[in-house]
Amino acid sequence: MAKILTGIQSTGTPHLGNILGAIEPAVEMANSSKEESYLFIANMHSLTQIKDKKVLHENTLSTAATWLAFGLDPIKSCFFRQSDIPEVTELAWYLSCFFPYQRLKLAHSFKDKVNNLKDVNSGLFSYPMLMSADILIYDANLVPVGKDQLQHLEITRDVASRFNNLMGDTFIIPEAKIQNDTKYIIGTDGEKMSKSKGNTIDIFAEDKKLKKQIMRIKTQSLSLDEPKNPKLCNVFKLYNVIASKKNVEILNDRYQKGDVGYGEAKELLYNEILNRFSLNREKFFELMDNKEKVELLLEEGAEKARIKAKNVLKRVRSRVGY
Ligand code: ADP
Ligand code: TRP
């Protein structure tokens, strides 16, 4: 049976791409799994990038509120903050001692970051060891992640096998479950939506800011009555993933007939977003007004997670002779 685990970094309030590409599918998997799942906020990974205590704290809560607003059931799943489980950093150390430096040097996410970030700290370099510990410390066997995380999963499998081979069977070898295999959600510039590109649609932003982001979506400059190819239009591409099949067909026809301008199409997209996410938005704002409630849920989740983490760590400690 599948024991699902996944984490999401708290580098900001999740955007539309994170939600459709990672959060919604993971919540669906966890809620329908027969086994207990582990879903956590990877706020120690975020420390590699964020050095502001207030921002880190606030991002952790807004990321947690997003999971909850999208239906995560904290009774069925173990839902917690990575920083509440210090055992995970101890395991990360043991794993580091079993993984060759020369292999860690090949991690492409680190190579990308070296080229793009100012703060290239050694936490960024050893990031895959902490991520491996995140997974192995709960005996998880199925890890839903985006394609970009596949190499981290390979590293996890590799380090677990190396440890098992040298010290005796200790870890379950986990499998990746790739989400959004081919498609990703585009941002306002038509490229992959990403925090680092400043092209996000933030569905939890207040109405005015959300509308502004949507009005910023790049389009061609055809006049209202010119026929338009919907497949080439960024507004339509987003509308296609948000609106109902029927509404998509209607807008598709209007594009081809030259019966809609970009301003109106954006307005339609805005309304569909408000419509589709109105309950999630309501829940999110309610939780952000009740942060103590979120804190409490995370603390309860951490208590459950720590029991499991302590058990697995005990196994590892005895294997290495401590
Ligand atoms: P960002 O690129 O904004 O920094 P992350 O790299 O932190 O986002 O991604 C967190 C999760 O959300 C990952 O599982 C990733 O695959 C998913 N994700 C991020 N952006 C998109 C997108 N545009 N479309 C689909 N999924 C996405
Ligand atoms: N590295 C992942 C990301 O950036 C987040 C993460 C940390 C994670 N630990 C994990 C995902 C363990 C899955 C399992 O998206």
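Summarised in this report is the structure supplied together with it. (Residues numbered from 1 in each chain as written. Chains lettered and ligands numbered in written order. Predicted model: local features only at pLDDT ≥ 70, side-chain atom pairs only at ≥ 80, totals over all residues. Heavy atoms only, no water.)

## Considering the environment of Asn 59
- By secondary structure assignment, the location of Asn 59 is in helix α3 (residues 53–69).
- Separated by 16 residues in the primary sequence, Asn 59 and Asn 43 place their C-alpha atoms 8.6 Å from one another. (Helix = DSSP H or I, 4+ residues; strand = E, 2+ residues; numbered from the N terminus.)

## Notes on helix α4 (residues 87–96)
- Of all the positions in α4, only Glu 87, Val 88, Leu 91, Ala 92, Tyr 94 and Leu 95 are classed as buried. Buried residues in α4, looked at end-on, bunch into an arc of 160°, giving them a common side.
- In the core, the buried residues of α4 are packed alongside α2 (43–46), α7 (122–136), α8 (150–167) and α14 (291–320). (Buried < 20%, exposed > 50% of the residue type's maximum accessible area, 1.4 Å probe, protein only. Arc of directions from axis to C-beta. Contact = heavy atoms within 4.5 Å.)

## Quick word on the site of ligand 1
- By nearness alone, 14 residues border ligand 1, and His 15, Ile 185, Met 193, Ser 194 and Lys 195 come closest of all.
- Take Gly 17: an N or O atom from its main chain is 3.3 Å from a nitrogen atom of ligand 1.
- In the complex, 84% of the free accessible area of ligand 1, which totals 540 Å², lies under the protein chains.
- Counted by class, the shell around ligand 1 contains four nonpolar, seven polar and three charged residues. (Near = heavy atom within 4 Å. Polar contact = N/O pair within 3.5 Å; in protein donor to acceptor, adjacent residues only side chain to side chain. Areas by Shrake-Rupley, 256 points an atom, 1.4 Å probe, with all protein chains shown as cover. Nonpolar A, V, L, I, M, F, W, Y, C, P; charged D, E, K, R; others polar.)

## Description of the pairing of strand β2 (residues 38–42)
- Where burial is concerned, most of β2 is hidden: five out of the five residues are buried.
- The alternating pattern of β2 places Tyr 38, Phe 40 and Ala 42 on one face and Leu 39 and Ile 41 on the opposite face, and all of these are buried.
- Pairing of strand β1 (residues 5–9) with β2, which is carried by five bridges, proceeds in the parallel orientation. Its bridge partner lying in β2, Gly 7 is registered against Phe 40.
- In terms of handedness, the path from β1 via helix α1 (residues 16–32) over to β2 forms a crossover that is right-handed.
- In this structure, β2 lies alongside strand β3 (residues 78–81), joined through four bridges in parallel fashion. Looking across to β3, one finds that Ile 41 is bridged to Arg 81. (Pairing = 2+ DSSP bridges. Right-handed = clockwise from strand over helix to strand, strands pointing away.)

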